[in-house]
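A structural walkthrough
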Amino acid sequence: MRTVLKIEEVSKSYHLGRLAVPVLHDINLAVKEGEFAAIMGPSGSGKSTLMNLISCLDQPTSGKIIIGDRDTSLLSEIELARIRGKKIGFVFQTFNLISRLTAQKNVELPMVYQDIPKAQRVKKALGLLTMLGLGDRADHKPAELSGGQRQRVAIARALANEPEVLLADEPTGNLDSRTGRK
Ligand SMILES: Nc1ncnc2c1ncn2[C@@H]1O[C@H](COP(=O)(O)OP(=O)(O)OP(=O)(O)O)[C@@H](O)[C@H]1O
Ligand SMILES: [Mg+2]
């Protein structure tokens, strides 16, 4: 199987003024196509930090992140944005839904950026919401949804462009165990 994600000797420190806050130390990881990997650790150990690096929202202090066959440290902002848009789906720990848009429009948004025709994206978004048990909540805005429903909208949005890599930061944290398993 093809390796879709490779992390080589990645370290990350945050900088607060002159103070360096070291978080990740020489992380190595390879994930093959079709593989499912879970990153576990206590609160504050750096899981979200690593996810943000993998999704190219942030850059490592040292080391390499390779997505497909591309070393992301060598890519321009525009190329990174393209990879994020097409190849990576991200379910954020805090959802990051757009509050003025309905569930339906939130799920459509990544497809808008990929120029998917309207009829197709409307159908796809509603199909995903229905699959996640939210077919009757498509016209609700995030504030009109429960926490677990918001999380499921975020999952639907992450799946919208059928990404090669799906990153999920505690994606079942707000769901009851049965819905989480489903
Ligand atoms: N922007 C930032 N600037 C400075 N320090 C940060 C920043 N973001 C995170 N940190 C610190 O980095 C460490 C790792 O944070 P991170 O959010 O990656 O943890 P986590 O493993 O996802 O925790 P949780 O399980 O609580 O979500 C924490 O100690 C945090 O205080
Ligand atoms: Mg976290």
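Above this text you will find the structure in question.
Residues numbered from 1 in each chain as written. Chains lettered and ligands numbered in written order. Predicted model: local features only at pLDDT ≥ 70, side-chain atom pairs only at ≥ 80, totals over all residues.

Points about the site of ligand 1
Near ligand 1 there are 13 residues, and of these Y14, S43, K47, S48 and T49 occur at the shortest range. At the level of secondary structure, the elements contributing two or more residues to the shell around ligand 1 comprise β1 (3–16), β2 (19–32) and α1 (47–54). Among the residues making up the shell around ligand 1, the classes are represented as four nonpolar, eight polar and one charged. (Near = placed C-beta within 6 Å. Helix = DSSP H or I, 4+ residues; strand = E, 2+ residues; numbered from the N terminus. Nonpolar A, V, L, I, M, F, W, Y, C, P; charged D, E, K, R; others polar.)

Here we look at the packing of helix α3 (residues 103–113) against helix α5 (residues 147–159)
One can describe the packing of α3 onto α5 by two numbers: an axis separation of 7 Å at closest approach and a directional angle of 25°. By the angle class used here, α3 and α5 are roughly parallel. Taken as a pair, α3 and α5 cross one another with a handedness that is right-handed. Counting all contacts with α3, which are made through A103, N106, V107, L109 and P110, the residues of α5 involved are V153, A156 and R157. The class makeup of the residues in the contact of α3 with α5 is six nonpolar, one polar and one charged. (Axes fitted to C-alpha atoms, helices over the stretch in contact; angles between N-to-C directions. Parallel < 35°, antiparallel > 145°, perpendicular 65-115°, else oblique. Left-handed = near helix turned anticlockwise from the far one by under 90°. Contact = placed C-beta atoms within 7 Å.)

Interpretation in functional terms is not warranted from these geometric data alone.
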